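A look at the structure
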Amino acid sequence: MAGSWWMCCRRFGAGFATSRLPDTLRCFGRRSACSSASSAGRPPWSSAPASERRPLFPAQSHSRAPDLGASVIRRHPGSLLYPTLQTCGCRATHSDAKPRDPFTLAQKDLASLYDDIKKELFVATAELQYLCDYYFDGRGKAIRPIIVVLMARAMNIHSNRAGDLLPGQRVIAMISEMIHTASLVHDDVIDGSDERRGKKSINEVWGERKAILAGDFILSAATKALARIGNSAVVKVVSQVIEDLVRGEFMQLGSKENENERFKHYLEKTYKKTASLMAHSCKAVSILVSSDPEVHEIAYQYGKNVGIAFQLVDDVLDFTSGAEQLGKPAAADLKLGLATGPVLFACQQFPELHALIMRRFSSKGDVDLAWQYVLQSDGVQQTTYLARRYCEEAIRQISRLRPSPERDALIRLTEIVLNRDK
Amino acid sequence: MFPAPGSRLTRLLSVSVRGLRRLSLFSSSESSSTWSKVVSDAEKIVGYPTSFMSLRCLLSDELSNVAMHVRKLVGTQHPLLNTARGFVYDSKNNLQMRGLIVLLLSKAAGPGHAASDLLTQDMVSGIYPSQRNLAEITELIHTAFLVHRGIVNLKEWTVSDGPLKDMEFGNKMAVLSGDFLLANACTGLAQLNDTKVVELISSAIGDLVQGIYYESSYNAEDGLGEGVDVTSWEDQTFLSHGALLAKSCQAAMQLAKHDREAQRLAYLYGKHLSLGHKLNSDLQPFVESRLGEMTPISLSAAPVVFHRQIVGKERWHQQLQEARTLRNQLDYTKLLAAVKSEKGVSSAVDLCRYHSNRALEAIQAFPSSEARSALENIASAVTKF
């Protein structure tokens, strides 16, 4: 167990980021993540001084960005990757451009997303076709393709090309949504969910067996499209996601007795189930345009950190958002027996929760009781705070790229991830 | 639309029975000794039959976890139990069949002309490591779908059939373990460093899903719907039982950089062998001489499909009615007799021979070798009943 955890740590953070995760995890063992982090003398998340004292989003206004960039240069020589360090000049000209909404910016590349997916899913059997298309109705947020498309353009510009997507990059944006959807279809069977995105789930309407087959079919169509890109390295990177998704699902079956182990387990599961797809899709589009492993790592780290933040916020919303907002009943995780961030933090304040977590909230009244504990604790705030830390790390990583509207949109996107209410 | 409650259980039981049959295709009758010999001889030719990939997969935390959980299913009727049982008791000659054929074809084709000498040095018993990995991947995919085929539709389940909780749990395990095998197949494919192979095998997975999807829609109609004719039976059976082997055989040639013609022939061998193989197993209940045993027969089995086409829809419906017992169950002895009285069985036997011959033809272009002989023996064995 320990071995595999350390391997995971290695994957979580390469280079100077390596020390960060264990540091943070150590913090979780104590009462307050915030105080222990600053008392350690070395802020675990950002190379800038203790983050409470500076604005959350240095890049919110472009004038703040050089601060972060400068500190990166000071601490890690050579970590700013574009060769001509004309930081100031470049940013000055760039800051004339108005910061644009990530969704608007990505839209032109994603206009035909769902049509393209439906073309990949073409089959002779009408019913199977209908099932496969069922969730590609445009109601999803398509957050993954948006990230992938923006990352691809930012990477292209960073690599001295025009921003326009390469054909393979467009395919990866599509695949990211397909893999995500295939896993949702299977998750709904595993969790026995009867609703998804405001409509009945596939298993509810057509039964479990067909739902599983539809998920398998979407996955096979995705890997077929992936293979057609014709790049073995990209195939390897993206197929890692498929393995991570299943391993994450397996991790969700078990729980850990020890509190520290439990948090590691939770973060590792979050990485595998959510962040891996974003991280590896980002890495894949960077591989298609650049041969520099350091650049691939930036893409990977951005995707990973935003992905974990995204899921942490999702876990918070499960407690804070009403059923009508999220499109699914709140406290769904508790009902499934899952202890997510807010509960794990609450457990540090209310050790009574431990027993409930261990029996996966299976006794009568457990769900309500756990809910009460979470609301009384600062579990929600601490989870949000943690999500913010991951977003800061994502910003720090992406800021190492040459400036571009898409890069800045990726920075803006972290804000949207944190502030979304559904 | 919905069958009477009694038949639901029958159908489920017959699903599990068929699951078992699939795992022990050729070990049920006298033909089993021929088959076992052909297979065990062939296994010696390819050196060791398995690579470490399946071992790694089987010994993983995830699958041992599933194995522990599957024990909880003992005493329930979840099909996963039978599938799992098949791995333990019948893993010898049938479960690794597809992999074995991929290995034999790889060996029969030998090193590709375009392949470098360096690569040729890595060959073990005349087979490239990548081809061995491919053989394992083929097995992983096949097994994954054995498991996913056994997912139970919970709404068709009634309390009298047993606790719903068991079925939910069995489904969960089946989804996860099938997904796990598929995911391992995906990462294994990626390691082969050949995107053409990835594309081929991915499309085979798509075919397999379509075939099984069709299979499960058809079974749901209990044979009373429009039914299929022989041509569409062959198309569907190719998807559900042939595409994976055919495309794996082709991919094995691609991995050794053999030309398109070799790839085409390997594909044809895999395709026709699979169809012959399926016809053989469909024919088993009709050619067995054992009496007094009421084996449920699938209404989508080849001889029944042929029979239905020969006698026509109306006569078939009449025969189905006559075979129904008071409790709305099918008397399989009666049905068997009805099918046997016409030419359905012999037509299916003819088709089986046809596919066996086509498979034999396909490998004639490969140089004569013991691996080719083994492939010939296997292709001939599917016509032994």
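Residues numbered from 1 in each chain as written. Chains lettered and ligands numbered in written order. Predicted model: local features only at pLDDT ≥ 70, side-chain atom pairs only at ≥ 80, totals over all residues. Heavy atoms only, no water.

1. A few points about the overall build of chain B
- When helices and strands are counted, chain B shows 17 helices and zero strands.
- When burial is assessed residue by residue, chain B has 58% of its 385 residues classed as buried.
- The contacts in chain B between residues at least 6 apart in sequence include a share of 79% that link residues at least 24 apart.
- Carbon and sulfur atoms make up 55% of the accessible area of chain B, which totals about 16300 Å². (Helix = DSSP H or I, 4+ residues; strand = E, 2+ residues; numbered from the N terminus. Buried < 20%, exposed > 50% of the residue type's maximum accessible area, 1.4 Å probe, protein only. Contact = heavy atoms within 4.5 Å. Areas by Shrake-Rupley, 256 points an atom, 1.4 Å probe, with all protein chains shown as cover.)

2. A look at the overall build of chain A
- Scanning chain A from N- to C-terminus turns up 22 helices and two strands.
- When burial is assessed residue by residue, chain A has 61% of its 422 residues classed as buried.
- Expressed as a percentage of contacts within chain A between residues at least 6 apart in sequence, the contacts between residues at least 24 apart total 75%.
- Within the structure as shown, chain A displays about 16000 Å² of accessible surface, and the carbon and sulfur contribution to it stands at 53%.

3. Description of unusual backbone geometry
All names here are of chain A.
- With a phi angle near 50°, A142 is a residue other than glycine that sits in the positive phi range.
- Mapped onto the elements, A142 comes out in the loop between helix 8 (126-133) and helix 9 (143-158).
- The phi torsion at R360 lies on the positive side, around 50°, for a residue other than glycine.
- Looking at the element boundaries, R360 is found in the loop between helix 19 (353-358) and helix 20 (366-376).
- Overall, R360 belongs to the partly exposed group, its relative accessible area being 25%.

4. Remarks on the interface of chain B and chain A
- Listed by partner, the interface residues are 39 residues for chain B and 37 residues for chain A.
- For the pairing of chain B and chain A, the buried interface totals around 3700 Å² over both sides, and the portion due to carbon and sulfur atoms is 67%.
- Of all residues in chain B, L176(B), T195(B) and Y213(B) bury the most surface against chain A, accounting for 18% of the area lost on that side.
- One can count one salt bridge joining chain B with chain A.
- Between E204(A) and K155(B) there is a salt bridge; the shortest N-O distance is 3.1 Å.
- The tally of links between chain B and chain A comes to 11 residue pairs in polar contact (both at pLDDT 80 or more).
- Looking at which element gives the most residues to the side of chain B that touches chain A, the answer is helix 9 (residues 164-191) of chain B, with 14 residues.
- Tallied by class, residues from the side of chain B that touches chain A come to 18 nonpolar, 14 polar and seven charged. (Buried area = accessible area lost by both parts, 1.4 Å probe. Salt bridge = Lys/Arg side-chain N within 4 Å of Asp/Glu carboxyl O. Polar contact = N/O pair within 3.5 Å; in protein donor to acceptor, adjacent residues only side chain to side chain. Nonpolar A, V, L, I, M, F, W, Y, C, P; charged D, E, K, R; others polar.)

5. Notes on the packing of helix 6 (residues 97-109) of chain B against helix 12 (residues 260-287) of chain B
All names here are of chain B.
- Put simply, helix 6 and helix 12 touch, their axes get as near as 11 Å, and they point 150° apart. Crossing geometry of helix 6 relative to helix 12 is assigned as right-handed. Along the contact surface, helix 6 presents R98, I101 and L105, while helix 12 presents A266, Y269, L273 and H277. (Axes fitted to C-alpha atoms, helices over the stretch in contact; angles between N-to-C directions. Left-handed = near helix turned anticlockwise from the far one by under 90°.)

6. Thoughts on the nonpolar core
- In terms of nonpolar packing, the biggest core is built from 197 residues, with I179(A), L104(B), I141(B) and Y269(B) touching the most fellow members.
- Take this core: its biggest share by element is 14 residues, from helix 15 (residues 293-320) of chain A.
- Not counting chain neighbours up to four residues away, the residues in contact with I141(B) comprise L182(B), A185(B), I201(B), I205(B), L208(B) and L244(B). (Core = buried A, V, L, I, M, F, W, Y, C linked by side-chain atoms within 4.5 Å.)

7. Considerations on helix 15 of chain A
Residues and elements named next belong to chain A.
- Taking 1.5 Å of rise per residue, the 28 residues of helix 15 would be expected to cover 40 Å, and the 40 Å separating its terminal C-alpha atoms lies within 8% of that figure.
- The buried fraction of helix 15 amounts to 23 of the 28 residues, a majority that puts the element mostly inside the structure.
- Capping the start of helix 15, D292 holds a side-chain oxygen 2.8 Å from the backbone nitrogen of E294, two or three residues further along. (Expected span 1.5 Å × (residues − 1).)

8. Comments concerning the packing of helix 12 of chain B against helix 13 (residues 302-311) of chain B
Residue and element names in this part refer to chain B.
- The N-to-C vectors of helix 12 and helix 13 enclose an angle of 80°; their axes lie 7 Å apart at closest approach. Taken together, helix 12 and helix 13 sit at an angle that is classed as roughly perpendicular. Seen from helix 12, the contacting residues are L279, D282, L283 and F286; seen from helix 13, they are A302, P303 and V304.
- Residues of the contact of helix 12 with helix 13, tallied by class, amount to six nonpolar, no polar and one charged. (Parallel < 35°, antiparallel > 145°, perpendicular 65-115°, else oblique.)

9. Some details on the environment of S341(B)
Residue and element names in this part refer to chain B.
- In this fold, S341 is placed in the loop between helix 15 (332-340) and helix 16 (344-363).
- S341 sits 34 residues away from H307 along the chain, and the two C-alpha atoms are 9.4 Å apart.
- At 2.6 Å, the side chain of S341 and the backbone oxygen of A338 are in polar contact.

10. Quick look at the pattern of salt bridges
Residue and element names in this part refer to chain A.
- Here the structure, examined in full by the defined rule, presents 26 salt bridges over all chains.
- With its nearest N and O atoms 2.7 Å apart, the salt bridge here joins E120 to R228. In this pair, E120 sits in helix 7 (residues 113-120) while R228 sits in helix 12 (residues 208-228), placing the two residues 108 residues apart along the sequence.
- Here R228 falls in the partly exposed class, since its relative accessible area comes to 42%.
- Counted as one network, the salt bridges with shared partners bring together D109, R153 and D164.

11. Considering helix 9 of chain A
All names here are of chain A.
- Spanning 16 residues, helix 9 covers 22 Å between terminal C-alpha atoms, matching the ideal 22 Å at 1.5 Å per step.
- Taking burial as the measure, the 16 residues of helix 9 include 15 buried ones, the bulk of the element.
- Directly beyond the C-terminal end of helix 9, a positive phi value near 65° is found at N160.

12. A few points about the packing of aromatic side chains
Residue and element names in this part refer to chain A.
- Across all of its chains, the model carries 10 aromatic pairs over all chains by this definition.
- Here the aromatic residues Y130, Y134, Y135 and W206 are joined through ring pairs into a cluster of three or more.
- The ring of Y134 has K199 lying over it, and the distance from NZ or CZ to the ring centre is 4.1 Å. (Phe/Tyr/Trp six-rings, centres within 6.5 Å; stacked < 30°, edge-to-face > 60°. Lys NZ or Arg CZ within 6 Å of the ring centre and 35° of its normal.)

13. Looking at the confidence of the model for chain A
Residues and elements named next belong to chain A.
- Put simply, chain A has an average pLDDT of 78, and 74% of its residues get 70 or more.
- With pLDDT under 50 throughout, residues 1-79 is counted as low confidence; its partners more than four residues away or in other chains account for 123 contacts.
- Counting contacts from residues 83-96, a segment whose pLDDT is below 50, to residues more than four positions away or on other chains yields 19 contacts. (pLDDT = per-residue confidence, 0-100.)

14. Focus: the confidence of the model for chain B
Residue and element names in this part refer to chain B.
- Per-residue pLDDT for chain B has a mean of 79; in total, 79% of the residues score no lower than 70.
- The element-level mean pLDDT for chain B is lowest in helix 1 (residues 5-23), coming to 34, with helix 16 highest at 94.
- Every residue in residues 1-30 scores below 50 in pLDDT, and together they form 57 contacts with partners more than four places removed in sequence or on other chains.

15. Some remarks on the side chain of Q311(A)
- Following the sequence through the fold, Q311(A) ends up in helix 15.
- Apart from the residues within four sequence positions on either side, Q311(A) is in contact with T270(A) and T274(A).

16. Side note on the environment of E288(B)
- For E288(B), the location among the structural elements is in the loop between helix 12 and helix 13.
- For E288(B), a relative accessible area of 15% translates into the label buried.

17. Considering the environment of V147(B)
All names here are of chain B.
- Its place among the elements puts V147 in helix 8 (residues 129-149).
- Overall, the relative accessible area of 4% leaves V147 in the buried class.
- As for V147 and N171, which are separated by 24 residues in sequence, their C-alpha atoms are 9.6 Å apart.

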